[in-house]
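Coordinate inspection notes
Residue strings, one per chain:
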Amino acid sequence: MNFDLSDEHELIRKTVRDFAVERVAPVAEELDREHRFPYDLVAELAELGLMGLPIPEEYGGAGGDTLSYAIAIEELTRIDSSVAITVAAHTSLGTMPIFLFGTEEQKREWLPDLASGRKLAAFGLTEPGAGSDAGATQTRAELRDGQWVVNGSKIFITNAGTDITACVTITARTGEDEISNVVVPNGTPGYVVSAPMEKLGWCASDTRELSFQDCALPQGSLLGERGKGFQQFLEILDGGRISVAAMGVGLAQGAYDLAYAYAKERHQFGKPISTFQAIQFQLADMATEIEAGRNLVYKAAWLKDQGRPFAQEAAMAKLFTGELSNRAVNQSLQIHGGYGFMEEYAISRLYRDQKVLEIGEGTNEVQRMVIAKHLDL
Ligand SMILES: Cc1cc2nc3c(=O)[nH]c(=O)nc-3n(C[C@H](O)[C@H](O)[C@H](O)COP(=O)(O)OP(=O)(O)OC[C@H]3O[C@@H](n4cnc5c(N)ncnc54)[C@H](O)[C@@H]3O)c2cc1C
């Protein structure tokens, strides 16, 4: 076994860490407070080749592996979740379906703009009545006079409504027992994107409700084979879980870093609070769990890069790091005392940003269902 990262992976970590500390950290609090989408940061991330990290270079991406991508998402989340989810949703949910299931023509049409980060993409699976039970989708696409006519709605869709969003891939019923994926370009008549949704956390990221009313699309908008939409979105979610799990590790690491620094600096009873064993034990527990979580995430990414089955490990990594990040932000805020409850301390933002990691791309309960299925239960 070799637990050392390659020089290439270390370089990715350093590049993204430097970017996150130098460019994201100074503006994260303001973007969050003003609920402002980080357009400038996305442009800079695009220049660094981080908006299409695992997409091959021939389509405008950086040609990196899943592990590099996980490290990049981890390092961004360590500083700010809104920026990290913007990159992760764009890459794993928006761009990946087109790369994995698109025809060569569809790839040439969409990927150069998406993988280079000039444009963003979204993936619309969730509906008001179809969340964990995503197969219960009610949105319909009917073939009429050589066009797909879409009617229905989606909810909580990340990156769907920014000024640079190019398209959303949605799941739609194309027959009674048939789900397919369809690419809908932004600006198509009949496709309406709501105002940004107001959220507890991820406040600088873009989350929208989508509605489709007789939205007509060319027949070539179908992504992959008709009727394969269900298998396709399961595959997309398996991969996406690695990036959300990487967010869990990154967020926990960020919370630990803040708690560590604060505990060294804050004095009570005449000494730094880091000298009290109760505080030391909390930091020791956090460091231990983060190490375990990181290993789960890297193992899932490594399996995927080896072309081996990884769905179970991705679900385990997502479940474990979701719950670990919950404990980490809670302990970190506790170590900050009353100051942690104040918006001027970054831990308050990390605390608000955490909860959704146990909900998006499959709740904790759904991860347990996936794991149980793999255990043949
Ligand atoms: C900020 C944000 C961004 C998002 N971005 C996207 C996006 O880009 N694209 C997209 O398609 N979706 C997106 N989502 C949606 C997200 O994936 C769903 O919220 C999630 O899958 C849960 O669905 P739900 O909210 O309808 O909850 P529900 O499915 O209604 O679940 C409610 C509760 O019931 C539990 N539950 C449900 N079924 C079972 C069961 N069989 N056994 C035990 N417990 C069960 C759940 O675990 C949960 O605790 C986003 C959500 C948020 C909050």
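Along its length, the protein chain carries ten helices and ten strands. In terms of its C-alpha atoms, the protein chain occupies a principal-axis envelope of roughly 80 × 45 × 40 Å. Here the protein chain, with 377 residues, has 54% of them falling under the buried criterion. For the protein chain, contacts bridging at least 24 residues in sequence account for 73% of all contacts bridging at least 6. As presented, the protein chain carries roughly 16700 Å² of accessible surface, and 53% of it is formed by carbon and sulfur atoms. For the protein chain, the centre of its 34 positive side-chain charges and the centre of its 53 negative side-chain charges are spaced 3 Å apart.

Attention now goes to a negative patch on the surface. Among the surface-exposed residues, Asp4, Asp7, Glu8 and Glu10 lie close enough to one another that they form a single negatively charged patch. Residue position: Asp4 is located in the segment before α1 (7-34).

Compared with an ideal rise of 1.5 Å per residue, which puts 26 residues at 38 Å, helix α8 (residues 311-336) spans 37 Å between its outermost C-alpha atoms and is within 8% of the ideal. A positive backbone phi angle near 60 degrees is found at Gly337, which sits one or two residues after α8.

Before going further, it helps to examine the pairing of strand β5 (residues 178-185). Counting buried positions along β5 yields six of eight residues, so the element is predominantly enclosed. The turn joining strand β4 (residues 165-175) and β5, which pair antiparallel and follow one another in sequence, is formed by two residues. Summarising the sheet, β5 and strand β8 (residues 222-223) pair through two bridges and their orientation is antiparallel. Bridge pairing links Val182 to Leu222 in β8.

This part is about the environment of Leu48. Looking at the secondary structure, you find Leu48 in the loop between α2 (39-47) and α3 (66-79). Overall, the relative accessible area of 43% leaves Leu48 in the partly exposed class. Each C-alpha atom, one on Leu48 and one on Gly117, is 9.8 Å from the other, the two residues being 69 residues apart in sequence. Not counting chain neighbours up to four residues away, the residues in contact with Leu48 comprise Thr15 and Phe19.

Turning our attention to the nonpolar core. Nonpolar side chains tend toward joint burial in soluble globular proteins. One finds Leu45, Leu76, Ile242, Leu283 and Val297 to be the most contacted residues of the largest nonpolar core, which totals 89 residues. Ranked by residues supplied to this core, first place goes to helix α6 (residues 229-265) with 16 residues. In this structure, Leu283 is in contact with Tyr256, Ala259, Tyr260, Ala263 and Ile335, ignoring residues within four places of it in sequence. Ranked by size, the runner-up nonpolar core spans 17 residues in total, among them Val150, Val182, Val184 and Cys215.

Running from N to C, α3 and helix α7 (residues 277-305) cross one another at 150 degrees; their axes reach a closest spacing of 8 Å. Of the possible angle classes, the one that applies to α3 and α7 is roughly antiparallel. For the pair α3 and α7, the contacting residues are Thr66, Leu67, Ala70, Ile71 and Glu74 in the first and Arg294, Val297, Tyr298, Ala301, Lys304 and Asp305 in the second. Counted by class, the contact of α3 with α7 contains six nonpolar, one polar and four charged residues.

Per the counting criterion, the structure on display carries 27 salt bridges. Here Glu74 and Arg294 are joined by a salt bridge, their closest N and O atoms 2.9 Å apart. Here the residue Glu74 occupies a position in helix α3, and Arg294 occupies one in helix α7, the gap between them amounting to 220 residues. Exposure class is identical for Glu74 and Arg294. Each is buried. If you follow the salt bridges from partner to partner, you end up with Arg13, Arg17, Glu74, Glu75, Arg78, Asp257 and Arg294 in one network.

This next bit is on the pairing of strand β3 (residues 147-158). In terms of strand pairing, strand β2 (residues 140-144) meets β3 through five bridges, oriented antiparallel. Counterpart to Arg140 in the pairing with β3 is Asn151. Between β2 and β3, which follow one another and run antiparallel, lie two residues, and Asp145 among them has a positive phi close to 50 degrees. The sheet contact formed by β3 and strand β7 (residues 207-218) spans nine bridges and is antiparallel. Considered in β7, the bridge of Gln147 is made with Pro218.

Let us look at the packing of aromatic side chains. Under the criterion given, the structure shown has nine aromatic pairs. Grouped by ring-pair contacts, the aromatic residues Tyr262, Tyr339 and Tyr345 constitute a single cluster.

Neighbouring the ligand are 18 residues; Thr126, Ser132, Phe156, Thr363 and Glu365 lie closest to it. The separation between a nitrogen atom of the ligand and a polar main-chain atom of Phe123 is 2.8 Å. In isolation the ligand has 980 Å² of accessible area, and contact with the protein removes 63% of it. Of all the secondary-structure elements, those providing two or more residues to the shell around the ligand are β1 (120-124), β3 and α10 (364-374). The dominant element in the shell around the ligand, judged by the number of residues it contributes, is β3, at three residues. When the residues that make up the shell around the ligand are grouped by side-chain class, the tally is eight nonpolar, seven polar and three charged.

The rules behind the values
- Residues numbered from 1 in each chain as written.
- Predicted model: local features only at pLDDT ≥ 70, side-chain atom pairs only at ≥ 80, totals over all residues.
- Heavy atoms only, no water.
- Helix = DSSP H or I, 4+ residues; strand = E, 2+ residues; numbered from the N terminus.
- Buried < 20%, exposed > 50% of the residue type's maximum accessible area, 1.4 Å probe, protein only.
- Contact = heavy atoms within 4.5 Å.
- Areas by Shrake-Rupley, 256 points an atom, 1.4 Å probe, with all protein chains shown as cover.
- Lys, Arg positive; Asp, Glu negative; His and termini not counted.
- Charge placed at Lys NZ, Arg CZ, Asp CG, Glu CD.
- Patch = residues over 30% accessible without salt bridge, like charges linked within 9 Å, V, L, I, M, F, W, Y side chains within 5 Å.
- Salt bridge = Lys/Arg side-chain N within 4 Å of Asp/Glu carboxyl O.
- Expected span 1.5 Å × (residues − 1).
- Pairing = 2+ DSSP bridges.
- Core = buried A, V, L, I, M, F, W, Y, C linked by side-chain atoms within 4.5 Å.
- Axes fitted to C-alpha atoms, helices over the stretch in contact; angles between N-to-C directions.
- Parallel < 35°, antiparallel > 145°, perpendicular 65-115°, else oblique.
- Nonpolar A, V, L, I, M, F, W, Y, C, P; charged D, E, K, R; others polar.
- Phe/Tyr/Trp six-rings, centres within 6.5 Å; stacked < 30°, edge-to-face > 60°.
- Near = heavy atom within 4 Å.
- Polar contact = N/O pair within 3.5 Å; in protein donor to acceptor, adjacent residues only side chain to side chain.

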